[in-house]
Amino acid sequence: MPTIVDIAVSNPAFSTLVTAVSAAGLVETLQSPGPFTVFAPTDDAFAKLPPGTIQTLVQNIPQLTRILTFHVASGKFTKDDLAKMGIITSIEGSPIKIDCSDGFEVKNATVVAADIEADNGIIHVIDTVILMG
């Protein structure tokens, strides 16, 4: 079974995410056994950020790393698992609110594809980049 990184690299909708993960030096981490739950923003999600944000983040690796690790939690959690939890803590250290009362939302993002199984975890595709705070 492919890893989280393998799935992201093979999907053209994740090209910005793959570039950001590479720039932040997180590829090796996300290829490790984990397991991880990843809330993966699509290219369209990154495109919603203000103009120049991605370029600024690529030049500020600590901030980029912090934002990317906010999209990852330790453990393998399906939509059903997350619905029961209500909140999960990211590997960045901040809580992420989960709301499955009407669809599947992670903080301010809608999950557009849930429960994509990987060898080292699970991916939930989101339509917005989530930020701490």
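What you see is a predicted model; the values in this text were computed from it and never measured.

**Concerning the side chain of Ser90**
So, point 1. Positionally, Ser90 belongs in the loop between β3 (87-89) and β4 (95-99).
So, point 2. Given the relative accessible area of 4%, Ser90 is considered buried.
So, point 3. Those residues within four positions of Ser90 in sequence are excluded, and the remaining contacts are Thr69, Phe70, Val72, Ala73 and Ile96.

**Observations regarding the sheet that holds strand β5 (residues 105-106)**
So, point 1. Read across the open sheet, the seven strands follow the order β2-β1-β7-β6-β5-β4-β3; overall the sheet is mixed. A single partner strand is all that each edge strand has here, and the edge strands are β2 (72-74) and β3.
So, point 2. Pairing of strand β6 (residues 109-118) with strand β7 (residues 121-126) involves five bridges; the strand directions are antiparallel. Paired with Ile116 across the strands is Ile123, a residue of β7.

**Some details on helix α6 (residues 61-69)**
So, point 1. Within the sequence span of α6, burial applies to Leu64, Ile67, Leu68 and Thr69.
So, point 2. Among the structural elements, α2 (15-23), α5 (53-58) and β2 are those in contact with the buried residues of α6.

**Considering the environment of Leu131**
So, point 1. Mapping Leu131 onto the fold places it in the segment after β7.
So, point 2. Along the chain, Leu131 and Phe70 lie 61 residues apart, while their C-alpha atoms are 7.3 Å from each other.

**Thoughts on the nonpolar core**
So, point 1. Ranked by size, the top nonpolar core spans 40 residues in total, and within it Phe39, Leu68, Ile96, Ile98 and Val106 carry the most contacts.
So, point 2. Apart from residues lying up to four places away in sequence, Ile98 is in contact with Phe39, Leu82, Ala83, Gly86, Ile87, Ile88, Phe104, Glu105 and Val106.

Calculation criteria
- Residues numbered from 1 in each chain as written.
- Predicted model: local features only at pLDDT ≥ 70, side-chain atom pairs only at ≥ 80, totals over all residues.
- Heavy atoms only, no water.
- Helix = DSSP H or I, 4+ residues; strand = E, 2+ residues; numbered from the N terminus.
- Buried < 20%, exposed > 50% of the residue type's maximum accessible area, 1.4 Å probe, protein only.
- Contact = heavy atoms within 4.5 Å.
- Pairing = 2+ DSSP bridges.
- Core = buried A, V, L, I, M, F, W, Y, C linked by side-chain atoms within 4.5 Å.

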